[in-house]
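Per-entry structural report
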2 protein chains.
Amino acid sequence: MPVPLIKESDVDVLIIGAGPAGLMCAMALSHAGVNVRIIDQRAVNLAAGQADGIQPRIIEVFQVTMVDVSDFDGFLMSLFTSLQSYGLASRLFKEAVQVHMAAFYNPSPNGGIERTDRAADVTAPTARYAFEMALHQGGIEQIFLDSMATKGVHVERPLMPTSIELSQDEAVLKDPTSHPAKVVLKRLDVSEGKPDTEIVYAKYVVGCDGAHSWIRKEFNITMEGEQTDYIWGVLDLIPDTDFPDIRNRCAIHSHNGSCMIIPREGDMVRLYIQLADKDVVDSKGRVDKSKVGPEKIMEVANKSLYPYTISTSHPIDWWTLYIIGQRVANRYSVHERVLIAGDACHTHSPKAGQGMNASMNDTHNLAWKLAHVLRGWADISLLKTYESERRKYAQELIEFDKRFAALFSGKPRTEGNDEGVSHEEFLGTFQTFGLFTSGIGVHYQPSAIVHTQHQSFASKLIIGQRMLPHIFIRAADSQPVELHDLIPSDTRFKVLVFTGDTTDTTQLDHVRALAEDMNGPQRFLKKFGHGNTSGVFEVLSISSAKKRYSNYTDVPPLFRSHWSKFLLDDCDMYNRSGGGGYEAYGIDPRGAVVIVRPDGYVGMVAPFDNLDDLDEYFAAFMVPTPPSA
Amino acid sequence: MPVPLIKESDVDVLIIGAGPAGLMCAMALSHAGVNVRIIDQRAVNLAAGQADGIQPRIIEVFQVTMVDVSDFDGFLMSLFTSLQSYGLASRLFKEAVQVHMAAFYNPSPNGGIERTDRAADVTAPTARYAFEMALHQGGIEQIFLDSMATKGVHVERPLMPTSIELSQDEAVLKDPTSHPAKVVLKRLDVSEGKPDTEIVYAKYVVGCDGAHSWIRKEFNITMEGEQTDYIWGVLDLIPDTDFPDIRNRCAIHSHNGSCMIIPREGDMVRLYIQLADKDVVDSKGRVDKSKVGPEKIMEVANKSLYPYTISTSHPIDWWTLYIIGQRVANRYSVHERVLIAGDACHTHSPKAGQGMNASMNDTHNLAWKLAHVLRGWADISLLKTYESERRKYAQELIEFDKRFAALFSGKPRTEGNDEGVSHEEFLGTFQTFGLFTSGIGVHYQPSAIVHTQHQSFASKLIIGQRMLPHIFIRAADSQPVELHDLIPSDTRFKVLVFTGDTTDTTQLDHVRALAEDMNGPQRFLKKFGHGNTSGVFEVLSISSAKKRYSNYTDVPPLFRSHWSKFLLDDCDMYNRSGGGGYEAYGIDPRGAVVIVRPDGYVGMVAPFDNLDDLDEYFAAFMVPTPPSA
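Residues numbered from 1 in each chain as written. Chains lettered and ligands numbered in written order. Predicted model: local features only at pLDDT ≥ 70, side-chain atom pairs only at ≥ 80, totals over all residues. Heavy atoms only, no water.

1. Details of the sheet that holds strand β26 (residues 566-568) of chain A
All names here are of chain A. Taken in spatial order, the seven strands make up an open sheet running β23-β22-β26-β25-β24-β27-β28, and their pairing is mixed. For this open sheet the edge positions go to β23 (480-482) and β28 (602-606), each flanked by a neighbour on one side alone. Pairwise comparison of adjacent strand axes, ignoring direction, gives a mean angle of 30 degrees for this sheet. One ladder, built from three bridges, connects strand β25 (residues 537-543) with β26; its direction is parallel. Within β26, the position partnered with Ser541 by the bridge is Phe566. The strands touched by helix α14 (residues 505-518) are β24 (493-500) and β27 (592-596); relative to β24, the strand with the most contacts, the crossing angle is about 155 degrees. (Pairing = 2+ DSSP bridges. Helix = DSSP H or I, 4+ residues; strand = E, 2+ residues; numbered from the N terminus. Axes fitted to C-alpha atoms, helices over the stretch in contact; angles between N-to-C directions. Contact = heavy atoms within 4.5 Å.)

Set out below in structure tokens:
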């Protein structure tokens, strides 16, 4: 029988493009048990170079990632015995370098450059990991690939989409069981007798196909913004140098142009070197990449770093040229059935280390929403919050990026140039920008999943921002645990019950009454629990009582489904960690219920006596449990 | 050709017995590149039960273990990018449970028991990990087995020694190249046509063959000490209970006998239940194990825990009975060629969680000494310090153990029993004992490798005790690093140069003079460096200067062979760790050189102007570099 040359298939989510955005998406969906495929037209994944900055919020995300509800028992067994080492962050800590210090150099009156100042590389006082990390993009991608592989999901490559059609029928688009997208894929390494074309019918298509996105063009999504004239050379090398800040991030303004240094894993370093137009522009004003190579970039670097010198006795690992462009797509989705993410919807100046981080955060925001909709837990309208949250962030980021890039590429202030950029101005922008680029400052506006009432009951857990990390003590065994580790990205909403002082009998009565109320059949836990409340919601309780006098059996069973789920705001036995959590979170002494979204953002706060508002929060986007379940 | 039935072979070190002592020894020697074999007569290794306590010092040892000089570049690459996750401790953190809190129960005036007090489970304020861990012995053994396997070393089993002879010829015994021990091994799973007997000629034999050691008996080494009359039942179970301290270590004195509870990995718990003679002793006064099973132990447990109840809906994982015996071997070595370690030379009450820890610490002490002697770096007399250090520790431990066991098995003080053990007396002994059992309090006496002069130059780094952990900041990149992670068990001596304030030019002159002096051809680095100084010695420098003003290029190259080797006594960018190290170590502001032995113990302290004493320290046991090297 002849082999058919065209194959047809169905899938729930088809991801196009296996860069950081696509891989984060595929990894998260694979762990959520979603029927997902990911394709890429490149035959192999990256080995060196490209984006490499890893910002504080993404380290947090890596740390709480790779957890799914079906694995939860296994996960618990491991978590309960571990402070640090689950999730994907342990791979980062093994393979990536940490960047703690930034150094600022400016023109010296004696010629050459001199150090003006040093400061923290990261401005993000609440970050769990208050430093930046760096690892080549291929290393980061491998972490995702290995994690997905444990769920049997692999990148199919080299595979190229050749056409995409989306149904225009509103009824089809609104039917959660429909497959409205038809995508034709072409295999690029056809072997004899195998089909080289496949038609895939997908419920959702996620375009993570980069700055020149094919999906974006197919749907006439346009990029808004412009390119600047600044031209930069980038290279990765193992340096021989007498420059004393070579292992710090450096922002260097010289008479000869600006440079940035970013330490890399091992002894490697990345240099960003500003190039003059004359070096790279041809007679018609266009960039001519043949005019510049790594030798030329090193020559400019040595002029800019004078009186220090830099050279290498190793081969150059990777190099490129780029022109800064800052643009955002005018929309992120087509009927919430085709969505774009990552470089496909925003491009930045690479020096902020933002491209890859914003890309991974895009699909970290999207993946749990897709999982909820596909499971029938949430209405498809939930997906609208993906564009509203992530596009606004990209726009804000780019506004900052423009300011920062202009300051950085601009001339420094010197005796002869009063108009130049002063160190104070530069440092101030670096730090303001840093809070933003760290990812820690991301703030989602009110929406179906961000309800800002009752903020005062947890005044420092800003609704719409990510949950603050803090170390608490488990009541049962006094082991310190980081709250972030207890609210992993496992697609569940986290219900954090701040009980107040459970050794106070009056307060304990309120806690018991709350448990009884929350356990009622019309309350959100049961109403939206789809017959599997602990699969949709994770309930943890945190008391302000002290460890010496508390028993884990103090709170009602709803608030401690396992002995590990009741925490205390107290320090460990040697006062090395923990304590002060109620104050850091601004918890009202009467107690509060805090809802943390599956992606780690605070969605809602409620006082004990207003569970109605909590019910309403979930009713805004969740589908009630069908009567049969 | 017929297969010969007797095989003959040579080996540098033959280890007999693959329990924790033998495996720690084989693991350490395999990573040191030593020609080592390890045999065991059991066909498979343990799956459940047995010893399980992991004390603070052993966690420290695990953390700095599995590093060898040949791997050092790879190790560096990983270390420089990692705060926590190298060595074997990360496996413990994943698989073992942590025990932070101890609870003390005593008879209640109303009948049954009540909680008297809670306190830290571990009394060891300087411990890097100030808690106890627990994991079944098979799990711990697997960590060693996996680590050895990376070096191609596996336990050969089932293989039994049937005879051992040691040469009596003094010249042979003193010749470092001789193989004076002849051991006959018999394979217990003979397959047709394969040799079932092997004669092994070994340079060194290490007997880790347990409490009933065959090696010990072959050489007429006797055990000193006695058994008590206390009989205990032990079982591991997943409990159903209303006892509020079930996840803490509990010491329970009841009218019905004493109990101890130790939390185990996952939801498992270990119970130690004191049994009455009538339950276990036959008419002739001998223990009759057939009289007691897990049901009987559970029945006694419920009487002792009243008014709380404990039961299980799972199968009992493991159980046993034991009688406390506290004994120490009268010697640990025969001509430094046959050595015994672990249970072969000391037995304790298991409740102190000491058997396994002391055993692993025995061979942690021994392995680097064997490696130095076998490489020709050290004289064979170095091995004498194994017995002098470890036997004295075992004797001290047993003295404490006797006191503690008597208090714990004794009747509690109650209204009707003024003679009983008071809580205050018990807690005091628990805490004194705790400093000792944690391993942190181990103090080796002056010897060839412990020279106590110049203590005042590092007044709190007690010579003969393990190096204190502390977090410093790398000068080059401000990354916080735990000093313990920089002084791994890689068989090298660590030369820690506390430079004083290197931003003070006068002090910097002293530091430069020191470097010049230390680099001289007659100084220990070259004299005992065997043509490979960085393979024998690791030099690190630590300045009291601050990160904002220091460059890693400030100190002479001898004190920073790589940018990562110059540290500062300062805190990180967010004041979360580091700082105060000079004070914590009691470093003289004029500076000091501290020698840390390969096993992590402080061997010597010297002022800058007395390198002669450092040379003498190493001359006491090291062999000078031959003129040809």
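2. Things to note about the pattern of salt bridges
Close approach of charged atoms allows side chains with opposite charge to pair. Tallied over the full model, the rule gives 81 salt bridges over all chains. Notably, a salt bridge pairs Arg264(A) with Asp236(A), separated by 2.7 Å at the nearest N-O pair. Separated by 28 residues along the polypeptide, Arg264(A) in the loop between β15 (257-263) and β16 (269-275) and Asp236(A) in strand β12 (residues 223-237) bring together distant segments of the chain. Each member of the pair Arg264(A) and Asp236(A) is classed as buried. For Arg466(B), the salt bridge goes to Glu60(B), with nearest N and O atoms at 2.6 Å. Here Glu60(B) lies in helix α2 (residues 56-63) and Arg466(B) lies in the loop between α12 (423-437) and β22 (471-474), a separation of 406 residues in the sequence. Residue class for Glu60(B) comes out buried when judged on its relative accessible area of 1%. When salt bridges with common partners are traced through the structure, they connect Asp490(A), Arg492(A), Lys494(A), Glu538(A) and Lys565(A) into a single cluster. (Salt bridge = Lys/Arg side-chain N within 4 Å of Asp/Glu carboxyl O. Buried < 20%, exposed > 50% of the residue type's maximum accessible area, 1.4 Å probe, protein only.)

3. What about the sheet that holds strand β25 (residues 537-543) of chain B?
Residues and elements named next belong to chain B. The seven strands are arranged β23-β22-β26-β25-β24-β27-β28 in an open sheet whose pairing can be described as mixed. Of all strands in the sheet, those bounded by a partner on one side alone are β23 (480-482) and β28 (602-606). Direction aside, the axes of adjacent strands within the sheet are offset by 30 degrees on average. Seen against the sheet, helix α18 (residues 611-619) touches β24 (493-500), β25, β27 (592-596) and β28 and runs at an angle of roughly 155 degrees to β28.

4. Considerations on the pairing of β27(B)
All names here are of chain B. The element β27 is extensively covered by neighbouring structure, given that five of its five residues are classed as buried. Alternating residues of β27 divide into Ala592, Val594 and Val596 and Val593 and Ile595, and every residue in both groups is buried. Bridge count between β24 and β27: five bridges; the pairing is antiparallel. Bridging from a neighbouring strand, Phe498 pairs with Ala592 of β27. Both β27 and β28 contribute to a ladder of four bridges, which runs antiparallel. Bridge pairing links Ile595 to Met604 in β28. The turn joining β27 and β28, which pair antiparallel and follow one another in sequence, is formed by five residues; a positive phi near 95 degrees is taken by Gly600.

5. Considerations on the state of the cysteines
Tallied over the entire structure, the rule returns zero disulfides over all chains. Take Cys208(B): it sits in no disulfide, and the sulfur closest to it among the cysteines is that of Cys25(B), at 5.6 Å. (Disulfide = S-S within 2.5 Å.)

6. Observations regarding unusual backbone geometry
Glycine aside, residues mostly have negative phi, and peptide bonds are mostly found in the trans state. Here the residue pair Tyr306(A) and Pro307(A) is connected by a cis peptide bond, since its omega of 15 degrees sits within 30 degrees of zero. In this structure, Pro307(A) sits in the loop between α9 (294-305) and β17 (310-312). Note that the residue after Arg157(B), namely Pro158(B), is joined by a cis bond; omega there is -10 degrees. Along the chain, the position of Pro158(B) falls in the loop between β8 (155-156) and β9 (159-166). With a phi close to 55 degrees, Glu336(A) is a non-glycine residue in the positive phi region. In this structure Glu336(A) comes out as buried when scored by relative accessible area, which is 16%. The phi torsion at His454(A) lies on the positive side, around 60 degrees, for a residue other than glycine. With respect to the helices and strands, the residue His454(A) is situated in the loop between α12 (423-437) and β22 (471-474).

7. What about α12(B)?
All names here are of chain B. Helix length check: α12, at 15 residues, gives a terminal C-alpha distance of 20 Å against a target of 21 Å (1.5 Å per residue), a fit within 8%. Contacts from the buried residues of α12 go to β5 (101-107), β6 (113-120), β14 (249-254) and α11 (384-409). Taken from the residues just after α12, Gly439 is the one with a positive phi, measuring 85 degrees. (Expected span 1.5 Å × (residues − 1).)

8. Quick word on the UniProt feature "domain: Phenol hydroxylase-like C-terminal dimerisation" (unreviewed entry) in chain A
The sites that UniProt annotates as "domain: Phenol hydroxylase-like C-terminal dimerisation" (unreviewed entry) are residues 442-624 of chain A. Across residues 442-624 of chain A, the secondary structure splits into 22% helix and 19% strand, with the terminal C-alpha atoms separated by 30 Å. (UniProt positions renumbered as here; feature names shortened; annotations may be inferred.)

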